[in-house]
Amino acid sequence: MNHLEKELVATVIFGITYVLISGRQIRILPLNRPAAALLGAVLMVSTGVMTPERAYRAVNYDTIVLLLAMMLVSAYLYLAHFFEWAADVVLELSRTPQRLLLYLTLTSGILSALLVNDTICLMLTPLVIAVIQRGKLPLLPYLIALATSANIGSVATLVGNPQNMIIGHFSHIPFRNSRDRSFPRQSSDLQSTLEFCVSVFTMLCERR
């Protein structure tokens, strides 16, 4: 197989894998995202686009170890009831639904910059749902605030998400430089997220 044929096969495999990852679950071939990514890797090797040795070299073990370490830290914080404590603090400081929305956005964004954003969403979502249902408030704006602010906050540091970890590993960008350059944009995006969620909250309250 020549170079052009390899590029064509690789493009087709990438397209199939991307559709499976984006579609999450298709009735003909129900696969989750890790299974779809693994299927794409197997097809790349089995069709000869990549050799097994090249596939092994493509795995960034430094990023995997760092990601595992961040997950372990998050797990121990969960066992120590840190996230419940953070939720209690936010509730005590919040006097109005709008202020609760503000503090939730800030808490999710700040914690996602220090820990992995997926972990923050996983740990805080059940707490947010319980609090919002207890207060009989519209759930949608608070979940949007949690998810979007977690993604925005994760961009601020090199440990916020796996993509940043890989970028930091290969670019050798100092942690402080990355934080200082990302912080202004992160603050602006968090403000935009808050304004959008407040408008959604107001719209849902008016419909009641």
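Treat the numbers as computed from the prediction; the structure is a model and nothing was measured. The numbering scheme is per chain: residues are counted from 1 as the chain's sequence reads. Thresholds applied to this predicted model are a pLDDT of at least 70 for local features of residues and 80 or more for the giving and counting of side-chain atom pairs; totals over whole chains, interfaces and linings are not thresholded and use all residues. Excluding hydrogens and water, the side-chain figures rest on all heavy atoms present in the structure.

1. Looking at a nonpolar patch on the surface
Part 1 of the argument: What goes into a patch is any residue over 30% in relative accessible area without a salt bridge, connected to like charges within 9 Å or, for nonpolar side chains (Val, Leu, Ile, Met, Phe, Trp, Tyr), within 5 Å. The Shrake-Rupley method, run with a 1.4 Å probe sphere, supplies the accessible areas, and residue values consider only the shown protein chains as cover. The salt bridge criterion pairs a side-chain nitrogen of Lys or Arg with a carboxyl oxygen of Asp or Glu, the two atoms within 4 Å. A cluster of nonpolar residues, Leu-68, Leu-72, Tyr-76, Tyr-78 and Leu-79, forms a patch on the protein surface that exposes about 590 Å² of accessible area.
Part 2 of the argument: A run of DSSP states H or I qualifies as a helix once it reaches four residues; a run of E qualifies as a strand once it reaches two. Both are numbered from the N-terminal end. Looking at the element boundaries, Leu-72 is found in helix H4 (residues 61-79).
Part 3 of the argument: For every residue, the accessible area obtained with a 1.4 Å probe (protein chains only) is divided by the maximum for its type, and the residue is called buried under 20%, exposed over 50%, and partly exposed between those limits. What makes Leu-72 partly exposed here is its relative accessible area of 45%.

2. Regarding helix H6 (residues 97-114)
Part 1 of the argument: For a helix, the expected span equals 1.5 Å multiplied by the number of residues minus one. Taking 1.5 Å of rise per residue, 18 residues should cover 26 Å, and H6 covers 26 Å from first to last C-alpha, within 8% of that figure.
Part 2 of the argument: Taken together, the buried positions of H6 are Leu-100, Leu-101, Leu-104, Thr-105, Thr-107, Ser-108, Gly-109, Leu-111, Ser-112 and Ala-113.

3. Topic: the nonpolar core
Part 1 of the argument: Grouped together as the largest cluster of nonpolar side chains are 23 residues, with contacts concentrated most on Met-70, Phe-83, Leu-100, Leu-101, Ile-120, Val-128 and Tyr-142.
Part 2 of the argument: The set of elements that each furnish at least two residues to this core consists of helix H5 (82-93), H6, helix H7 (117-134), helix H8 (139-154) and helix H10 (175-207).
Part 3 of the argument: Ranked by residues supplied to this core, first place goes to H7 with 6 residues. In these notes, a set of buried Ala, Val, Leu, Ile, Met, Phe, Trp, Tyr and Cys residues joined through side-chain atoms within 4.5 Å is what counts as a nonpolar core.

4. Focus: the side chain of Thr-119
Part 1 of the argument: Here Thr-119 shows up in helix H7.
Part 2 of the argument: Thr-119 gets classed as buried once you look at its relative accessible area, which sits at 4%.
Part 3 of the argument: Ignoring anything within four residues of it in the chain, the contact list for Thr-119 reads Met-71 and Ser-74. Only heavy atoms matter for contacts: two residues are in contact if any of them lie within 4.5 Å across the pair.

5. A word on the side chain of Ser-112
Part 1 of the argument: Here Ser-112 is to be found in helix H6.
Part 2 of the argument: Using a relative accessible area of 0% as the deciding quantity, one classes Ser-112 as buried.
Part 3 of the argument: With near-sequence residues (within four places) excluded, Ser-112 lies in contact with Asn-117, Ile-120, Ala-150, Gly-153, Ser-154 and Gly-160.

6. Re the confidence of the model for the protein chain
Part 1 of the argument: When pLDDT is averaged along the protein chain, the result is 80; 93% of the residues meet or exceed 70.
Part 2 of the argument: As a per-residue quantity, pLDDT reports the predictor's confidence and falls between 0 and 100. Element-level pLDDT for the protein chain is lowest in H10, with a mean of 74, against a maximum mean of 87 in helix H2 (residues 33-46).

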